[in-house]
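Residue strings, one per chain:
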Amino acid sequence: MENVHLALEEDDLYSGYNDYNPTFDSEELENDLGFQQAVRTSHGRRPPMTAKFPGTAIGARPIASSFGSRVPMTSSMGRPMTGAVQDGAARPMTAVRAAGYTSSLTRGSTFDPLGQSKGPAPPLEAKNDDTPEEKIKILEKKVNDLIEESCMAQSVGALQLALEKAKEAGRKERMLVRQREQSGNADHINLDLTYSVLLNLANQYANNEMFPEALNSYQVIVKNKMFSNAGRMKVNMANIYFKQKNYPKAIKFYRMALDQISNAHKEMRIKIMQNIGVVFVRMGQYSDAITSFEHIMSESPNIKTGFNLILCYYAIGDRERMKKAFQKLISVPLGIDEEDKYIPSNDDTSANMVIEAIKNDKLHQMERDLKVLAEKYIMTAAKLIAPAIETSFATGFDWCVDMVKSSQYVELANDLEINKAITYLRQKDFNQVEAVETLKTFEKKDSRVKSAAATNLSFLYFLEKDYDQADRYSDLAMNADRYNPAALINKGNTVFSKQDYEKAAEFYKEALRNDSSCTEALYNLGLTYKKLNRLEEALDCFLKLHAILRNSAQVMFQLAHLYELLEDPQQAIEWLMQVISVTPTDPQALAKLGELHDGEGDKSQAFQYYYESFRYFPSNIDVIEWLGAYYIETQFCEKAIQYFERATLIQPTQVKWQLMVASCYRRSGNYQKALETYKDIHRKFPENVECLRFLVRLCTDMGLNEVQEYATKLKKVEKMKEIKEQRVKSGREGSARGRREGREGSAGSADSSHSSNSTKGERLSAKMRSLPASNEPYEASSQKELDASYVDPLGPQMERPKTGAKKRMEDDDFADEELGDDLLPE
């Protein structure tokens, strides 16, 4: 122990080793030349130290010097030995601890001065959603989402869903306000969110036409002084009153909104004043409306207001102010660029690409729509005021045309003149010289106007059935503008009228190639194919047309007729059912349905449709005849009488219908009424054989003395008919014999005569076999009945003519019936 020297406390061997030394700053190692040199030399690649080197940190014990004192030894690396064994553990190298070096380096650990081997940083602490502030933020986001969903639902037309979302947003917003008040943050209530919720709810109420609820919601916004600019909502309230036709209140709220909107918002004030003027028009207070419209036209003129002003002046009959208002209307600037800017140039490729891109964009479409609207208002105003501003329509229209020619709407002047001619025709001013002359003045104009005028002239001549002139002007219209579908249709119509259907079809096809939506060309093409008996192609045309014109009864009727021609009655019935769903009072369609059902054997359905057709149009002979025959067939002759009496009124010269009435009385057992009817028929048609036959039969059955009178008349009429027939027959035979004698001689003539007599016998026997059966609506008397009831007043010497008369009666009965059927109108 005496050789052991303790170090003084102030001479701490390890003092200063924990101080920061910039030499060991790892971030500057790349710039440290000494360190980089050591890395490149053997000093940076020496092997690790072992226990045979004394003085290292691995030594088991300290080594004393021969002087008995502890002398620090320099290590092989040229630095003092710092390691020592204390309680079996190696003491760290404190000199480099601040830089991250430890004694563990010598035990095989990796070099990690930045501590990257510890792995990734621990995850962030999860946000706690249970705090009041977080709950408020979540609820606020939910309210905003509901408002957005409500607006999106309204944009796609789901108005009921939009209202439900708006109501839910209102409930959530009230919960949000309560939560803020409970948490003591009442001062931080989001007023903008409250305003959005109330405004959206009021709008959705208005969209769903729940006007009282909408007004209440708007009132909540207006009365809340915390909402800035809430006075504008009075415009919405005024709109609701306008929809409810409460015009005084609408004006009151419009004016209140006008008072609360500053002059800085000029456009909004103009729109409100325009609404006020429209309400005054609805109330009939034209002077007040004129005041509003005149103010707008002086401050910020626009097309709609100018047109409304003309209407007001027209209503009060102020001729001079109408003229001034029309001049103001055509001088309103539209703010539309010239169309020339959309014409591409040949030089600049990039500019051409830009022009191509903007040629059909939404802005250009909006400009075109505005121009079309302006032209429509000017045309309508001109047609309205033309008769009022001058002594005649033509003079007034000419004044309007002159005004338009000196304005920015120069191109519209020609259209106005064409419209003038068309207006003449629509007013049925068929002193058509003025209209025709007006249209003819355009023959030397530019191609577009010339084509339009020639098209109208062609159609005009076509309606007058002057097909040559119609053809001439249709050619002129086609030469001026080959792509004018109306001109091609007129040309096809003129060719169609000449029954050149193939050529007409070509013109209709060309019109469709130029304008695929031209329904007139497609309809006419279908009719042309129908005339050509190309039924499948016609059916294809009308099916395409039905896809365009879903509710056109004409198209559906054509489809039904085509299916009937194609022998598909079920499809025809289906299409006719669609026709009567569109036009339920069309008697022709109802009669056709009855005819088709009758052909299918469904008498009850046929009767229903025929009866409906008769109810809407009780003058159709075919329908009347079918209904009368139906009641006779079903043994209800009394009901058939009214239909045949109706036919008698329609065709009083047709004896057939009066005979049917008498036959119905006879079949129903009312012989007295039948006799009176036959007598009345005989007075009107004294030579009618059928009527005399039944008079003889009825008088015989009833035992009346008049039977001889009618029998005599019957014989006379039959005799006259026999003589007339013999004259006609002999004339025919004589002419035929003369022709044959010239060719064949007298022998041939005899043979021919014999053959003619034989043919006559065969024809008469055939007619006798074809006599109407007893179940016909009116039947002829049989041979047996006439023999039993007929008494010849001239005695037995007339026996042979009597037999011949009976035979002729049967023949004449058949011929008379055939004649009646032939005279029925188609």
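Residues numbered from 1 in each chain as written. Predicted model: local features only at pLDDT ≥ 70, side-chain atom pairs only at ≥ 80, totals over all residues. Heavy atoms only, no water.

S.K.: Please clarify how the environment of Tyr205 should be interpreted in this entry.
M.R.: Its location among the elements puts Tyr205 in helix 4 (residues 191-207). Classification of Tyr205 as buried rests on a relative accessible area of 12%. When near neighbours in sequence (up to four residues on either side) are disregarded, Tyr205 contacts Leu163, Lys167, Met210, Glu213, Ala214 and Ser217. (Helix = DSSP H or I, 4+ residues; strand = E, 2+ residues; numbered from the N terminus. Buried < 20%, exposed > 50% of the residue type's maximum accessible area, 1.4 Å probe, protein only. Contact = heavy atoms within 4.5 Å.)

S.K.: What's the story with the side chain of Arg180 in this structure? I'm lost.
M.R.: Relative to the assigned elements, Arg180 resides in helix 3 (residues 159-182). On the accessibility criterion, Arg180 (8% relative accessible area) is buried. Within the structure, Arg180 has its side chain in polar contact with the side chain of Glu140 (distance 3.2 Å). (Polar contact = N/O pair within 3.5 Å; in protein donor to acceptor, adjacent residues only side chain to side chain.)

S.K.: When you look at the pattern of salt bridges in this model, what are you seeing that I'm missing?
M.R.: Oppositely charged side chains can form a pair if their charged atoms are brought close together. This structure, assessed with the given rule, holds 24 salt bridges. Between Asp145 and Lys141 there is a salt bridge; the shortest N-O distance is 3.2 Å. With Asp145 and Lys141 both in helix 2 (residues 132-155) and 4 residues apart, the pair spans about one turn of that helix. Classification of Lys141 as exposed rests on a relative accessible area of 52%. Residue Asp540 is joined to Lys544 by a salt bridge in which the shortest nitrogen-to-oxygen separation is 3.5 Å. On the criterion of helical spacing, the pair formed by Asp540 and Lys544 is a turn pair, its members being 4 residues apart in helix 22 (residues 535-548). Residue Asp540 is classed as partly exposed on the basis of its relative accessible area of 37%. (Salt bridge = Lys/Arg side-chain N within 4 Å of Asp/Glu carboxyl O.)

S.K.: How should helix 31 (residues 689-702) be read in this particular structure?
M.R.: Within an α-helix, residues lying three or four positions from one another point in the same direction, as the helix has 3.6 residues per turn. Over its 14 residues, helix 31 extends 20 Å from the first C-alpha to the last, a length consistent with the 20 Å expected when each residue adds 1.5 Å. Of all the 14 residues making up helix 31, 10 are buried; the element is thus mostly covered by neighbouring parts of the structure. Listed as buried for helix 31 are Val689, Glu690, Cys691, Leu692, Arg693, Phe694, Leu695, Val696, Leu698 and Cys699. The N-capping residue of helix 31, defined by a side-chain oxygen 3.3 Å from the backbone nitrogen of Glu690, is Asn688. Gly703 sits one or two residues past helix 31 and shows a positive phi near 70 degrees. (Expected span 1.5 Å × (residues − 1).)

S.K.: Hey, could you run me through the environment of Ile290 in this one?
M.R.: Secondary-structure assignment places Ile290 in helix 9 (residues 286-299). Taking the C-alpha atoms as reference points, Ile290 and Cys312, 22 residues apart in sequence, are found 6.5 Å from one another. The contact partners of Ile290, leaving out residues within four places of it in the chain, are Leu309, Cys312, Tyr313, Ile316 and Arg321.

Any functional reading would require information beyond the geometric quantities listed.
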